[in-house]
Amino acid sequence: MSDYYPIVGRKGTGVHDRLSIEDLQQKEPEQFALFIMAFLKIQGRGDIQLPDGSTRNVEAQGAMYIHIAGIHGRPFEQWPGDRIKNIADFNPNDPKDTNPVPSRFGGYCRPVIIAQISHGAVIFPTWHRPYMLLIEQAIGEAADEIAAIWEKHNPVDRGKWVPAAKKLRFPFWDWAEERVASEGLPKVLYSDEITIKVPGGKTMSVPNPLAYTLIPNPPADFVDETDEATKVTAYYKEWKRTYRYAESKSENPKTDVDKLQSNLKAQVESLRSKVSLLFTASAKADPAQTWDEFSNHTTQSLRNMDFYNAGSLEGVHDALHGILGGNGHMSDPDYAAFDPIFFLHHCNVDRLYALWEYCYTDMWMGEGYSTNNGRKYPWYQASGTYVQVYNEQLHPTTGLSPFRTDKGEYWTSEQARFLDEKAYPKYYSYPKIAGVKVNKPATAQQRIDARLALQKYYGLDPRADKDELQFSNNPLFHLLPKPREDHELLPGYRHFVVVVQLLEHAYNRSYSFKLYHDDKPEDDIKPVLVGSVDVFARPDTSPCKGCSNRRNAGTIVRGVIRFSPRHINSIIALLPALDDKEESKEALAKHMKMALTAVLENTQGDRLAAAGSQAGELGPSGEMVVMSEHLAPVKVTLLSAAASFSTATEAGGPVNFVGWVNHGDVFEGGHLAWKMSAALA
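What you are looking at is a predicted structure, and each value in this text was computed from that prediction instead of being measured.

Conventions used here
- Residues numbered from 1 in each chain as written.
- Predicted model: local features only at pLDDT ≥ 70, side-chain atom pairs only at ≥ 80, totals over all residues.
- Heavy atoms only, no water.
- Pairing = 2+ DSSP bridges.
- Helix = DSSP H or I, 4+ residues; strand = E, 2+ residues; numbered from the N terminus.
- Axes fitted to C-alpha atoms, helices over the stretch in contact; angles between N-to-C directions.
- Contact = heavy atoms within 4.5 Å.
- Polar contact = N/O pair within 3.5 Å; in protein donor to acceptor, adjacent residues only side chain to side chain.
- Parallel < 35°, antiparallel > 145°, perpendicular 65-115°, else oblique.
- Left-handed = near helix turned anticlockwise from the far one by under 90°.
- Nonpolar A, V, L, I, M, F, W, Y, C, P; charged D, E, K, R; others polar.
- Buried < 20%, exposed > 50% of the residue type's maximum accessible area, 1.4 Å probe, protein only.

### Concerning the sheet that holds strand β20 (residues 624-626)
Then, in step 1: If you trace the 6 strands from one edge of the open sheet to the other, you get β16-β15-β18-β19-β23-β20, paired in antiparallel fashion. If you trace the sheet from one side to the other, it starts and ends with β16 (526-535) and β20, each paired once. Each strand of the sheet is rotated relative to its neighbour by a mean of 25°, with strand direction disregarded.
Then, in step 2: Bridge analysis of strand β19 (residues 607-612) against strand β23 (residues 675-677) gives 2 bridges, and the strand direction is antiparallel. Bridge assignment links alanine 609 to a residue of β23, and that residue is methionine 676.
Then, in step 3: Strands β15 (511-519), β16 and β18 (596-602) of the sheet are contacted by helix α16 (residues 565-573), whose axis makes an angle of about 50° with β15.

### A closer look at the side chain of glutamine 455
Then, in step 1: Mapped onto the fold, glutamine 455 is located in helix α13 (residues 444-457).
Then, in step 2: Reaching out from glutamine 455, the side chain makes a polar contact with the backbone nitrogen of valine 655 at a distance of 3.0 Å.
Then, in step 3: If we ignore the near neighbours within four places in the chain, the residues touching glutamine 455 are Ser276, Phe279, Thr280, Leu460, Pro654 and Val655.

### Here we look at the packing of helix α2 (residues 29-42) against helix α5 (residues 124-153)
Then, in step 1: For the pair α2 and α5, interaxial distance at closest approach is 8 Å and the crossing angle is 110°. Between α2 and α5, the angle falls in the class roughly perpendicular. Both α2 and α5 take part in a crossing whose hand is right-handed. Along the contact surface, α2 presents Leu34, Phe35, Met37, Ala38, Phe39, Lys41 and Ile42, while α5 presents Ile135, Ala138, Ile139, Ala142, Ala143, Glu145, Ile146, Ala147 and Trp150.
Then, in step 2: Here the contact of α2 with α5 is composed, by residue class, of 14 nonpolar, no polar and 2 charged.

### Describing the pairing of β15
Put simply, side chains in a regular strand alternate between the two faces of the sheet.
Then, in step 1: The element β15 is extensively covered by neighbouring structure, given that 8 of its 9 residues are classed as buried.
Then, in step 2: Two elements, β15 and β16, share 9 bridges in a ladder whose sense is antiparallel. Looking across to β16, one finds that leucine 515 is bridged to glycine 531.

### Some words on unusual backbone geometry
Then, in step 1: Cis geometry is found at the peptide bond from arginine 74 to proline 75, where omega equals 0°.
Then, in step 2: Tracing the backbone shows proline 75 in the loop between α3 (65-70) and α4 (95-98).
Then, in step 3: Of the consecutive residues serine 401 and proline 402, the connecting peptide bond is found in the cis state with omega at 5°.
Then, in step 4: One can find proline 402 in strand β10 (residues 399-404).
Then, in step 5: For phenylalanine 418, which is not a glycine, the phi torsion comes out positive at approximately 65°.
Then, in step 6: For phenylalanine 418, the location among the structural elements is in the loop between α12 (413-416) and β12 (428-429).
Then, in step 7: A positive phi angle is found at tyrosine 427, which is not glycine, with a value near 65°.

Listed below in structure tokens is the structure:
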């Protein structure tokens, strides 16, 4: 048995597209059938007879689903696919490694103390790329075997299944597609059974491996997690399968699919907005700082004035974990990868990364970042892992453990970049979207055009939005900075965002900040959801109060919420007439803030705290008290900017937002503006 399982993707089968799960099911029935059967195989499902008539498990080292899922969090142990002696100084018998709380080692993806490898770091996009290659490879190898058996026993089908297996790539689910707002989660991702095509022109109903994973013997370090505010428990230690939006029951809980669908549909507009903003960064910005802002939700290099307020890929990613999990595995970093939807979600995250790096080829982490005084600083992660020492620097050539190439060396971020023919081979691409094919060569102008196309595809089009604005005569909408030489500004348009900074470990688990604005249909003022910023964090069950305080003073997660023209029109319609043009600039921003309410929620949707105009209506039920500083958002700020377009292209170029104006705190008084449930006090 080898000391490692080399991650080579689908080497030897050519380059083929990862399809959407809907297209895979509807347009490629042979590939879809092999995908489902192969997924069941690596899950080790004892409830399904595989093609050779026996119940089969995967023998390849580290390729069982439970081992692949365990890389991301629990169980905190070495992955069977990487048994080479590690070079780090972690020692399970050494107090320096085991006594700190949280423990030093929390898995390869997410060490449990505040600075994490991959999450909250510049290597978030690159670490997850070989992770996706791993499951794609495991399923592909299983599909090859199944296809060969099917053809052997069904001569009339020879030449059909083996080629389909070679083309099979892991599918993605684009949760930011416009149709998700009406259709919600596709049935193929939650139905307990699925019908597939099989040899001989027949169909067969099988358990759906995309809906859940069986865990008949949960690993020893799985623990039940109880939300102290609501007493709702996720019974990870007791549950024998994965769940989404589960009841607080240890045995056979019901899942609330309707609640999942409702939450997902309500958030699609916000998700589309977040994706579109990723493509608004300037192509002439500082490469390292732009990569830092895009790649992760914390950032190491940026001051407040350095941000482009385009949000981050990790921030968009975080939102889906909360939306899909509820009281279930996807909401907790330690258990999320055991839910199969994790990998369809992350395949889409990888697709967005591929589109972004196609548009911004020069934006990269490099060897570190420079400050305005010219000093150079390295990237680093403060905590150690199984294979990394404390405070280890992160370089483009830092090993992405535990994923090894066929040469026995760890994959690196440099190798993980790009999908074109000049890149380190990965053997997959993605279908063309908005005219963009990520593995094809492109000129600089084509990459600029791609940014414009992707902005529009995901719903950002200031030129069209300007026509929707009903109150664009306000002077604030005409506040224009001096344009760059090759750019023009759009008068009568203003881009409004709320920038939110949250303590990652304030609630000792994942939670969400939701922003609402007042609306006034007839006589009733009703709140309308604008968007959210989500924190994807693991619980720390330590009883140590000092440790808790240190945790609460730690990492800040930053997110951006954009106001659509619909939101702006609704808010301004509530405002009094503003006569004095000079005063109306600030008066408009002031009144906009007065129309806003924010709510903090746990992953089940229970309201923990609220601030703003409708805090009484939207806040937690029961007694409310002033929020303590170590739980409240660090900063919630209203900003606005002008829209700038390049004049170097006939189409007008993609939008950048310039001339940012800080309109101050949305909720005056800091933590005193927040009222929380007395149960949390």
